[in-house]
2 protein chains.
Amino acid sequence: MTTEEPRFVRGLSRWMKGNGSASDIVISSRVRLARNLENIPFPPAMERSDAEKVLAAAEEASGRLQESLEREYHYYPLREMSELHQWVLVEKHLISPQLTKSSALSGVIISEDEAVSIMVNEEDHFRIQCLLPGLNIRGVWETADAVDDVLGETVRYGFDGSLGYLTTCPTNLGTGMRVSVMVHLPGLAMAEQLDSVISGLAKVGAVVRGLYGEGSEAQGNLFQISNRTTLGNDEDGIVEDMSAVVREVVQRERSTRETLYRRGRTSLEDKIYRAHGLLTNARMISSEEAMHLLSMLRLGIDMNILPHIAPEVFQELMIRMRPSIIQRETGEALKPEERDVRRATLMRKRIAGQ
Amino acid sequence: MTTEEPRFVRGLSRWMKGNGSASDIVISSRVRLARNLENIPFPPAMERSDAEKVLAAAEEASGRLQESLEREYHYYPLREMSELHQWVLVEKHLISPQLTKSSALSGVIISEDEAVSIMVNEEDHFRIQCLLPGLNIRGVWETADAVDDVLGETVRYGFDGSLGYLTTCPTNLGTGMRVSVMVHLPGLAMAEQLDSVISGLAKVGAVVRGLYGEGSEAQGNLFQISNRTTLGNDEDGIVEDMSAVVREVVQRERSTRETLYRRGRTSLEDKIYRAHGLLTNARMISSEEAMHLLSMLRLGIDMNILPHIAPEVFQELMIRMRPSIIQRETGEALKPEERDVRRATLMRKRIAGQ
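Residues numbered from 1 in each chain as written. Chains lettered and ligands numbered in written order. Predicted model: local features only at pLDDT ≥ 70, side-chain atom pairs only at ≥ 80, totals over all residues. Heavy atoms only, no water.

Trainee: What am I meant to see in the overall build of chain A here?
Mentor: Check the secondary structure of chain A and you find 12 helices and 10 strands. Relative to the globule expectation of 20 Å for 354 residues, the C-alpha radius of gyration of chain A, 21 Å, shows essentially globular dimensions. Principal-axis analysis of the C-alpha atoms places the extent of chain A at approximately 65 × 50 × 35 Å. Counting the 354 residues in chain A, one finds 57% classified as buried. By sequence separation, contacts in chain A at least 24 residues apart represent 72% of the contacts at least 6 residues apart. Per element, the accessible surface of chain A, about 14900 Å² overall, is 47% carbon and sulfur. Within chain A, the 51 negative side-chain charges are centred at a point lying 6 Å from the centre of the 42 positive side-chain charges. (Helix = DSSP H or I, 4+ residues; strand = E, 2+ residues; numbered from the N terminus. Rg over C-alpha atoms; globule rule 2.2 N^0.38 Å. Buried < 20%, exposed > 50% of the residue type's maximum accessible area, 1.4 Å probe, protein only. Contact = heavy atoms within 4.5 Å. Areas by Shrake-Rupley, 256 points an atom, 1.4 Å probe, with all protein chains shown as cover. Lys, Arg positive; Asp, Glu negative; His and termini not counted. Charge placed at Lys NZ, Arg CZ, Asp CG, Glu CD.)

Trainee: What am I meant to see in the interface of chain A and chain B here?
Mentor: It is common to give the size of an interface as the accessible area lost on bringing the parts into contact. Contact residues are listed per partner, giving 16 residues for chain A and 16 residues for chain B. Looking only at chain A, the three residues that lose the most surface to chain B are Arg274, Asn281 and Arg283 of chain A, adding up to 40% of its buried area. The shortest N-O distance in the salt bridge between Arg274 of chain A and Glu289 of chain B comes to 2.8 Å. Where chain A packs against chain B, one counts 10 residue pairs in polar contact (both at pLDDT 80 or more). (Buried area = accessible area lost by both parts, 1.4 Å probe. Salt bridge = Lys/Arg side-chain N within 4 Å of Asp/Glu carboxyl O. Polar contact = N/O pair within 3.5 Å; in protein donor to acceptor, adjacent residues only side chain to side chain.)

Trainee: Teacher, can you tell me more about the packing of aromatic side chains here?
Mentor: The final tally for this structure, using the stated rule, is four aromatic pairs over all chains. Both rings, one in Tyr157 of chain A and one in Tyr165 of chain A, keep their centres 5.9 Å apart while their planes meet at 85°; by these two values the pair is edge-to-face. Accessibility classification places Tyr157 of chain A together with Tyr165 of chain A in one group, the buried group. Aromatic side chains Phe159 of chain B and Tyr165 of chain B sit 4.9 Å apart centroid to centroid with 75° between the ring planes, which places their arrangement in the edge-to-face category. Each member of the aromatic cluster is reached from another via a ring pair, and the members are Tyr157, Phe159 and Tyr165 of chain A. Looking at Arg35 of chain A, its charged tip hangs above the ring of Tyr165 of chain A, at a distance of 3.5 Å from the centre. When the ring centre of Tyr273 of chain A is taken as reference, the NZ or CZ atom of Arg283 of chain B above it lies at 3.4 Å. (Phe/Tyr/Trp six-rings, centres within 6.5 Å; stacked < 30°, edge-to-face > 60°. Lys NZ or Arg CZ within 6 Å of the ring centre and 35° of its normal.)

Trainee: I'm lost on the environment of Gly134 of chain B in this one. Help?
Mentor: All names here are of chain B. Looking at the element boundaries, Gly134 is found in the loop between β5 (126-133) and α5 (137-154). Overall, Gly134 belongs to the buried group, its relative accessible area being 1%. Along the primary structure Gly134 and Asp24 are separated by 110 residues, whereas in three dimensions their C-alpha atoms are 8.5 Å apart. When residues no more than four places from it in sequence are discounted, the contact partners of Gly134 are Gly20, Ser21, Val26, Ile27, Ser28 and Ser29.

Trainee: Sorry if this is basic, but what is going on with empty space enclosed by the protein here?
Mentor: Rolled over the atoms, a probe as big as a water molecule pinpoints where empty space is left. Residue and element names in this part refer to chain A. Taken as a whole and judged by the stated rule, the model has six cavities of 30 Å³ or more. Put simply, the largest cavity is a space of about 50 Å³. Together, Trp15, Ser28, Arg30, His93, Leu131, Ser180, Val181, Met182 and Gln224 line the largest cavity. The biggest single contributor to the lining of the largest cavity is strand β8 (residues 177-184), with three residues. (1 Å grid on protein atoms, 1.4 Å probe; cavity = no way out; pocket = protein on both sides within 12 Å on 5 of 7 lines; lining within 4 Å. Points joined across faces, edges and corners; volume = space filled by probe spheres on them.)

Trainee: Where do I start with the packing of helix α11 (residues 323-330) of chain B against helix α12 (residues 336-352) of chain B in this structure?
Mentor: Any two packed helices are characterised by how steeply their axes cross, that is the angle between the axes, and by the distance between the axes. Residue and element names in this part refer to chain B. Between α11 and α12, the shortest axis-to-axis distance is 10 Å and the interhelical angle comes to 85°. Viewed along their axes, α11 and α12 adopt a mutual orientation that is roughly perpendicular. Residues Pro323, Ile326, Gln327 and Thr330 of α11 lie in contact with α12, whose contacting residues are Arg339, Arg342 and Arg343. Residue composition of the contact of α11 with α12, grouped by class: two nonpolar, two polar and three charged. (Axes fitted to C-alpha atoms, helices over the stretch in contact; angles between N-to-C directions. Parallel < 35°, antiparallel > 145°, perpendicular 65-115°, else oblique. Nonpolar A, V, L, I, M, F, W, Y, C, P; charged D, E, K, R; others polar.)

Trainee: Can you walk me through helix α8 (residues 235-279) of chain A in this structure?
Mentor: Residue pairs three or four apart in sequence face the same way in an α-helix, which turns once every 3.6 residues. Taking 1.5 Å per residue, 45 residues should reach 66 Å; α8 of chain A reaches only 42 Å between its end C-alpha atoms and comes up short. Remark: the principal bend of α8 of chain A, roughly 110°, maps to Gly264 of chain A. (Expected span 1.5 Å × (residues − 1). Bend = angle between axes of the 7 residues up to and from the residue.)

Trainee: It is not clear to me how the sheet that holds strand β1 (residues 26-35) of chain B should be interpreted in this structure. Could you clarify?
Mentor: The strands making up a sheet are joined through hydrogen bonds of the backbone, oriented either antiparallel or parallel. All names here are of chain B. Read across the sheet, eight strands follow the order β2-β3-β4-β5-β1-β8-β10-β9 without closing on themselves; strand pairing throughout is antiparallel. Every other strand in the sheet has two partners, leaving β2 (73-77) and β9 (206-209) as the edge strands with one partner each. Ignoring strand direction, the axes of neighbouring strands in this sheet form an average angle of 20°. Where β9 meets strand β10 (residues 222-227), four bridges bridge the pair, whose relative direction is antiparallel. Bridge assignment links Val207 to a residue of β10, and that residue is Ser226. (Pairing = 2+ DSSP bridges.)

Trainee: Is there a simple way to think about the nonpolar core in this case?
Mentor: As a rule of thumb, nonpolar side chains are buried together in soluble globular proteins. Leu294 and Met318 of chain A together with Leu294 and Met318 of chain B are the most contacted members of the largest nonpolar core, which has 102 residues in total. Excluding anything up to four places from it in sequence, Met318 of chain A contacts Trp15, Met182, Leu211, Leu222, Met291 and Leu294 of chain A. (Core = buried A, V, L, I, M, F, W, Y, C linked by side-chain atoms within 4.5 Å.)

Trainee: Would you mind going over helix α2 (residues 48-69) of chain A with me for this structure?
Mentor: Residue and element names in this part refer to chain A. The terminal C-alpha atoms of α2, which comprises 22 residues, lie 31 Å apart, in line with the 32 Å expected from a rise of 1.5 Å per residue. Asp50, Ala51, Val54, Leu55, Ala57, Ala58, Ala61, Ser62 and Leu65 are the residues of α2 that are buried. Buried residues along α2 cover an arc of 165° about the axis, so they all sit on one side. Away from its buried face, by an angle of more than 90 degrees, α2 presents the exposed residues Glu60 and Glu67. Each element contacted by the buried residues of α2 is listed here: β2 (73-77), β3 (107-111), β4 (116-120), β5 (126-133) and α5 (137-154). Glu70 sits one or two residues past α2 and shows a positive phi near 50°. (Arc of directions from axis to C-beta.)

Trainee: How should the side chain of Arg343 of chain B be read in this particular structure?
Mentor: Relative to the helices and strands, Arg343 of chain B is located in helix α12. If near-sequence neighbours (up to four positions away) are discounted, Arg343 of chain B is found in contact with Ile285, Ser286, Ser287, Ala290, Met321, Pro323 and Ile326 of chain B.

Trainee: Hey, could you run me through the side chain of Ser23 of chain B in this one?
Mentor: Residue and element names in this part refer to chain B. Looking at where Ser23 falls in the secondary structure, it is placed in the loop between α1 (14-17) and β1. Side-chain polar atoms of Ser23 contact the backbone oxygen of Gly20, separated by 3.3 Å. Setting aside residues no more than four positions away along its own chain, Ser23 makes contact with Arg298 and Asp302.

Trainee: Is there a simple way to think about unusual backbone geometry in this case?
Mentor: Keep in mind that most residues, glycine aside, have a negative phi and that most peptide bonds are trans. Residue and element names in this part refer to chain A. Positive phi values are uncommon outside glycine, yet His93 reaches one of about 65°. For His93, a relative accessible area of 7% translates into the label buried. One non-glycine residue, Glu192, adopts positive backbone phi at about 55°. For Glu192, the position within the fold is in the loop between α6 (186-190) and α7 (194-203). On the accessibility criterion, Glu192 (74% relative accessible area) is exposed.

Trainee: Teacher, can you tell me more about the relation of the copies chain A and chain B here?
Mentor: Two copies of a chain can be linked by a rotation about an axis combined with a shift along that same axis. For the pair chain A and chain B, the relating rotation is 180°, the translation along its axis is 0.0 Å, and the fit reaches an RMSD of 0.0 Å. Viewed as a symmetry operation, the transformation between the two copies matches a two-fold axis. For chain A, the residue whose C-alpha comes nearest the rotation axis is Gly277 of chain A, separated from it by 2.0 Å. Taken together, the interface assignments show that 100% of the residues at the interface of chain A recur at the interface of chain B, consistent with an identical surface on both copies. (Least-squares fit on C-alpha atoms with pLDDT ≥ 70 in both.)

Printed below as a string of structure tokens:
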């Protein structure tokens, strides 16, 4: 355990602090690249000594990233991190829950602004991730690509002329690239058109999941849209295809919001103001209810019904309300009911300034 | 139809504007005295000409009341009143729904402050009613008694040495007096102790009903407690007995509130603040929901959780939110959804001043 608190524990990630393109619907864009070292078995098959070699390579790489990209990068081996801090990283979407399961031999490199994180010894030796606000697939890809170039200079990647980057799971072969865009679809949810949109996306090779990855349920009308295939398309092709897919979803959500407003403005305003009333008054609030109410609040902001509230309050609170982060802010073990009380206080203070 | 709008249509009745004794639980106290004229058949059996005689006597009596009691009294025949205005009187508890059913031959006398109303040709020729805020059974009885004395000087009452005042329904024989106290019991409702309290009241000769009399359901945790028997007890006895019964209910409600607060303060505050949040934010609200939320709001005021809100906002709004009064305030026919919108606006303006 480190005695000093790592910087990521207190700050907000870059995607939580701002808004980008199409930010009325697209909360964030993410890319991850799966990379493995030559001549070292994939994580599921590797020895302890192999894992230590990868960790050592990661530590060295973090120094090189800092020099080459002129931005601070920190390397953290998970075994030196408290369980609570590991969960803070999960809830900030900087690492996966899976990484914490092998914490004795895993690590993470995080950039100063938390836009870039590199998981070490998760399913692959390296998983380079870049996360930025709004619809910006090109931007996250270019940032990750620059990181990948530096990393590729310090280590030798496993690569095959016909298969591309070699990965633990064959579904990641080729580019090893997965794009994930987090979209907020309260209009389609209210109009009960989500099923039709999701099945339409499947037909064009995209996958839709909940907020915390595969198998997690959609909370707060938030969905992650990802590309299914990593092989048979180059990086530029994936960027273009996914951008087009997301723009189509954005268009459908926007027109559905307009229809809802035109057909039942008062009823829509009522839902939004009620959510505002509860968020600024409740004294206890569960994660699930808070996500639902925040979704309505954000819809109200994006539809100019609540213009006085900053849009990024949404992504900030949806992360700060998570159990481990509330726990971290109080510095003591809390029962679920106590967390509900703290969560309600957080909502009131941040939204109404009470 | 009168072209001029009667004064009662716009104002608030005295009980809505203030608070009296035990006002944390007792909203208002009411007494009514059933009186009939000698030598004229009871209303169910009377001819048109009989009814006209009673109306003429009422008109004359209203002048005498004004002279003797030094307060303005107005006489209104219902046939000269619009249906909407009749319903305003019903919703202000100044007349019964039954009086409007025979509007061709019925009338009402109302005092300037609306503390006294006398229904003419309802079930009995005269029903003298006095309504004041808080627990004040002695006060309403003395006021009604003074009105009864003046009325008794202008007409000859049907009276029998052994039966007392003669009334249409034998259950009103004797004093013809019914005391009704409106109590607000959200604590007992939350603690699910209402059934036990109501059956206890039945054992001591009291009857419990909803807000708008027999058969009406309890909205907003409001109940009317009345004496069942009018015979075999004199007026002072009824005043004493009913005051004791109500004090007992007040005591139980107070101790239940204390228990709820002690055992689950945050959960109680949460319910109260959520009601406050919805009342100050909703854009559409039904009567039923509004009554429930107002009940929570008033509980919050009475328990010093919302000390900045005036308690009488409760009784004012519970009347002003009624369909006919909302209709009156807009001056045009409204659909139920439109009333829900107006009701929500009324709540926001009055509670948050928005």
